[in-house]
Amino acid sequence: MIKLLKYLSPYKGRVAIMLGLMFLQMLGTLYVPTLTADIVNKGIIAGNLKQVWQIGRFMLLVAVLIAGISILQTYLSTSIFAGMGRDIRSVLFKKSQNLTINEFNRFGAASMITRCTNDITQIQQGYMAAVEMLLPAPIMAVAGLLLAFSKSPMLALLIAVSMVAICILTAGIGQKAMNLFAGLQAMLDKINRVLRENLTGIRVIRAFNRQGFEQKRMDKTYEEYTFTAIRVNRIFAVLLPVIMIVMNVCTILIIALGGKNVANGQMEIGDIMALIEYAFLILMYLVMGIMVIMIFPRAQTCAGRVDEVLDLQTDRFRTALPSDNIRTAKSPKLEFRDVSFRYQGAEKPVLSNISFTANAGKTTAIIGGTGSGKSTIVSLIPRFYDIESGEIRIDGKNIAAMSEESLRDRIGFVPQKAFLFSGTILDNLRHGRKAASFTEIRHAAEAAQISGFIDGLEKGFDTQVSQGGSNFSGGQKQRLSIARALVRKPEVYVFDDSFSALDFKTDAKLRAALKDEIKDAAVILVAQRISTIMNADQIIVLDEGRMAGIGTHNELLANCEVYRQIAKSQLSEEELL
C-alpha cells in the first residue's frame, strides 16, 4: 500500500484541503460535548431559558458547519481516490499490454481481470477507510481523552480502560479474520477463471451436454468463496456486539460513579453528559479505526497482487544497438539464423536450428504435422516470445535489438484464430492503421475478397461488430482480419493458417489478389492445405521442430519424404504429377 502512495502525487493540493477539512470536522465534533455541558449546566439546571436558546442556536450552527465540512471532505476523498484508482488501472493495463506471453501466462487472464477490477476497488476502499476512519481515530482518542480528564480524571481513566479492553478484544478476534482475506482474492480469481471458461466455451459445453457438470463446477467455486466470506462475517458478527457491551458498560459506570460525584457536589450533571459523549466519540472512532485495521489486510493483499505485476521486471524495451543499424541492399526482408526455442518450463525445444530467408515480394510457406512448430515460428517474428538461441533479422536488423513498437510497425499479423473487436467494421479495419483513408480501406477489403459481403450489408462499413465478431462466420472473420493486415501496408505479412475457413474458389482469388499487394513485402504463410501453398516461392517443411526440407513444391515432392506424404494425403495421383 505504501508503494502505491506515489499515485496520490497528482492530487497533493486536494489531499491537503481534504486533511484541513477533516481537522476542522474533528475540532467541531470535539467541541459539541462542551456545548452540551454548558446548555445543561448554565441553561437547564439554572433555569435560564435565554441561555438554552442562545447555546442551542450556536450548537445548531456548529452542527450545520460540521455537516457541510463533512460532505465536502467526503466529496474530495471520493474524487481523489477514484482518480487514484483510475490512474493505477491505467498503469496496470499498460503494463499488462507490454508483458511477454510467458510473463502474462504467469498470472493468467482471469487473475489479470480481477487485479484490474476488484483488486483496485479494494485498494481504493482501503485508502478511503484509512483516511476517513483510521487517520482520525488516534487524534480523536487522544484529544477526547484529554478533554475527559479535564472534566474528571477518574472517569477519564475508566474510558481509557475501556479503550484498552476494546483493543485487546479486537486484536484477538480480528487476528482470525486477517488470515482469511488473502484467500478470498485467490478464490475470486478462481471464480473469474471458471466463469470465463464457461462463457467462452459455451458451444463446446452444449455440444457435449456438459451443462450439468459445469454447473456443479461453478457452484463449487461459489461455495468455497461463500464459505470463507461467511467465516469472516461470523467473526465480525461476534466482535461488534462485544464492543457494544463494553461501550454500554462504560456508559453505565460513568453514570453511576458520576452520579455520586454530583451528589457530593464534585461534578455537575452537564459534565457527566459531556463525559458520556466523549466516551462514545472516543470508543466509536477507536472501533472504526480497529475495523479498518482488520479490513486493511484485504486491501494490502490486493495491493501486493497489483505490485506483483507493476514490479515485474521485463527487458522488452531494449533499443537498437549501433551495430544492428547496418542495412545493405542485399539484406533479406526476413531472416532466421539457426533459431532454437522452447516454451517456459518445457523439457525439449519446440524449434531446433531453424534457418531460412524471406525476400521482398516473395512468399515463404510453412507446412508440417500437428505440433511441428509452425505457429511457434510465426509467434517469434513479432516477438511474442524470445528465442533461446540464434537470431531473427528484419532488413538486416536483429529484432532482439529493436523496440516492440518499431518491430511490430513492420509486421502485418493475421492470427490463426481470427478476432474482431466490438465496434464497426470500419473501426476494425482501421485497427490495422488508424490514419488509413477510406479509399485504402476499401481497396484492402476488395483484395481480401470481403468488399462484396460488406456492400451487401444495410450499413456497409458502419455495420456493428458483436463482441469477438460473433455475428460473422469464420470465413468472414478471417477475410476481415486479412483486410486489417493489408490496411497496415507492412514490410512483412504473417498469415498463421489464415485461409483455413475459406472455400477453394475464394482462397484462389484471395491469393491472386495478394500478389499485387505484397510486391515490396515478404510473406510468411502457414497452411495445412497443399493447394494453398503449392505456388509459394519457397516452402519450409517442419517435422518435430526441425526443418525436414525447403524448396518449391516440385523440388520437395522429389526430395522431401515428409512433404511427399503430406501431399499424397491431400492430392490425387493426377495432381501430384
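Caption draft 1: Examining the nonpolar core more closely. If you look at the biggest cluster of nonpolar residues, it comprises 48 residues, and the most contacted ones within it are Phe-495 and Tyr-563. Considering each element in turn, this core owes the most residues, six residues, to helix H15 (residues 474–488). Apart from residues no more than four positions distant in its own chain, Tyr-563 is found in contact with Ile-367, Ile-530, Ile-533, Ile-539, Val-541, His-553, Leu-556 and Leu-557. Residues Ile-159, Ile-166, Leu-188 and Ile-290 belong to the second largest nonpolar core, which totals 39 residues.

Caption draft 2: Representation of the pairing of strand S9 (residues 492–496). With five of five residues buried, S9 is to be regarded as a mostly interior element. Burial along S9 is two-sided: Val-492, Val-494 and Asp-496 and Tyr-493 and Phe-495, pointing in opposite directions, are all buried. Bridge count between strand S6 (residues 411–414) and S9: four bridges; the pairing is parallel. Its bridge partner being in S9, Gly-412 is matched across the sheet by Tyr-493. Bridge analysis of S9 against strand S10 (residues 522–526) gives five bridges, and the strand direction is parallel. Counted as the bridge partner of Val-494 is Ile-524 from S10.

Caption draft 3: A look at the sheet that holds S9. Ordered by their spatial adjacency, six strands build an open sheet running S6-S9-S10-S3-S11-S12, and the pairing between neighbours is mixed. Because the sheet does not close on itself, it has two edges, and the strands there are S6 and strand S12 (546–551). Sheet twist, expressed as the average angle between the axes of neighbouring strands with direction ignored, equals 15 degrees. With four bridges connecting them, strand S3 (residues 363–368) and S10 associate as parallel partners. Directly across from Ile-366, in S10, lies its bridge partner Val-526. Packed onto the sheet, H15 meets S6 and S9 and runs at close to 180 degrees relative to S6. In the packing of helix H19 (residues 561–570) onto the sheet, contacts are made with S3, strand S11 (538–543) and S12, and the angle to S11 comes to roughly 95 degrees.

Caption draft 4: Seen up close, the layout of surface pockets. Roughly 300 Å³ of volume is contained in the second largest pocket. Thr-363, Arg-511, Lys-515, Asn-535 and Ala-536 are, among the 18 residues lining the second largest pocket, the residues nearest its centre. Looking at the lining of the second largest pocket, the elements with two or more residues in it are helix H16 (504–517), S10 and helix H17 (530–533). For the lining of the second largest pocket, the leading source of residues is H16, giving five residues.

Caption draft 5: Focus on the pairing of S10. Within S10, five of the five residues are buried, which leaves it mostly tucked inside the rest of the structure. In S10, alternate side chains face the same way, and those of Ala-522, Ile-524 and Val-526 on one face and Val-523 and Leu-525 on the other are all buried. Handedness of the crossover is the feature at issue here: the chain leaves S9, passes through H16, returns alongside S10, and the resulting connection is right-handed.

Caption draft 6: How the structure looks around unusual backbone geometry. Residue Asn-353 is not a glycine yet carries a positive backbone phi of 55 degrees. By the element assignment, Asn-353 lies in strand S2 (residues 351–358).

Caption draft 7: Local environment of the pattern of salt bridges. Summed over all chains, the structure comprises 24 salt bridges. Here Asp-87 and Arg-86 are joined by a salt bridge, their closest N and O atoms 3.2 Å apart. Classification of Asp-87 by relative accessible area gives buried; the value is 19%. Note that Arg-410 is salt-bridged to Glu-491, the shortest N-O span being 3.4 Å. With Arg-410 in the loop between helix H11 (404–408) and S6 and Glu-491 in the loop between H15 and S9, the pair connects residues that are 81 residues apart, well separated along the chain. Glu-491 sits in the partly exposed class, given a relative accessible area of 25%. Through salt bridges with shared partners, one network takes in Lys-333, Asp-395, Arg-410 and Glu-491.

Caption draft 8: Local environment of the environment of Ala-130. Residue placement: Ala-130 occurs in helix H4 (residues 109–134). Since its relative accessible area comes to 15%, Ala-130 is described here as buried. Ala-130 sits 162 residues away from Val-292 along the chain, and the two C-alpha atoms are 6.5 Å apart.

Caption draft 9: Representation of the packing of aromatic side chains within the structure. One pass over the structure, following the stated rule, counts twelve aromatic pairs. Ring centres of Phe-341 and Tyr-343 lie 4.9 Å apart, and the angle between their planes is 80 degrees; this geometry places the pair in the edge-to-face category. Between the aromatic rings of Phe-384 and Phe-413, the centroid separation amounts to 5.4 Å while the plane-to-plane angle is 85 degrees, which identifies the pairing as edge-to-face. Of this pair, Phe-384 sits in the loop between helix H10 (374–380) and strand S4 (389–394) while Phe-413 is found in strand S6, placing the two residues 29 residues apart along the sequence. Phe-384 gets classed as partly exposed once you look at its relative accessible area, which sits at 25%.

Cut-offs used in this document
- Residues numbered from 1 in each chain as written.
- Predicted model: local features only at pLDDT ≥ 70, side-chain atom pairs only at ≥ 80, totals over all residues.
- Heavy atoms only, no water.
- Core = buried A, V, L, I, M, F, W, Y, C linked by side-chain atoms within 4.5 Å.
- Buried < 20%, exposed > 50% of the residue type's maximum accessible area, 1.4 Å probe, protein only.
- Helix = DSSP H or I, 4+ residues; strand = E, 2+ residues; numbered from the N terminus.
- Contact = heavy atoms within 4.5 Å.
- Pairing = 2+ DSSP bridges.
- Axes fitted to C-alpha atoms, helices over the stretch in contact; angles between N-to-C directions.
- 1 Å grid on protein atoms, 1.4 Å probe; cavity = no way out; pocket = protein on both sides within 12 Å on 5 of 7 lines; lining within 4 Å.
- Points joined across faces, edges and corners; volume = space filled by probe spheres on them.
- Right-handed = clockwise from strand over helix to strand, strands pointing away.
- Salt bridge = Lys/Arg side-chain N within 4 Å of Asp/Glu carboxyl O.
- Phe/Tyr/Trp six-rings, centres within 6.5 Å; stacked < 30°, edge-to-face > 60°.

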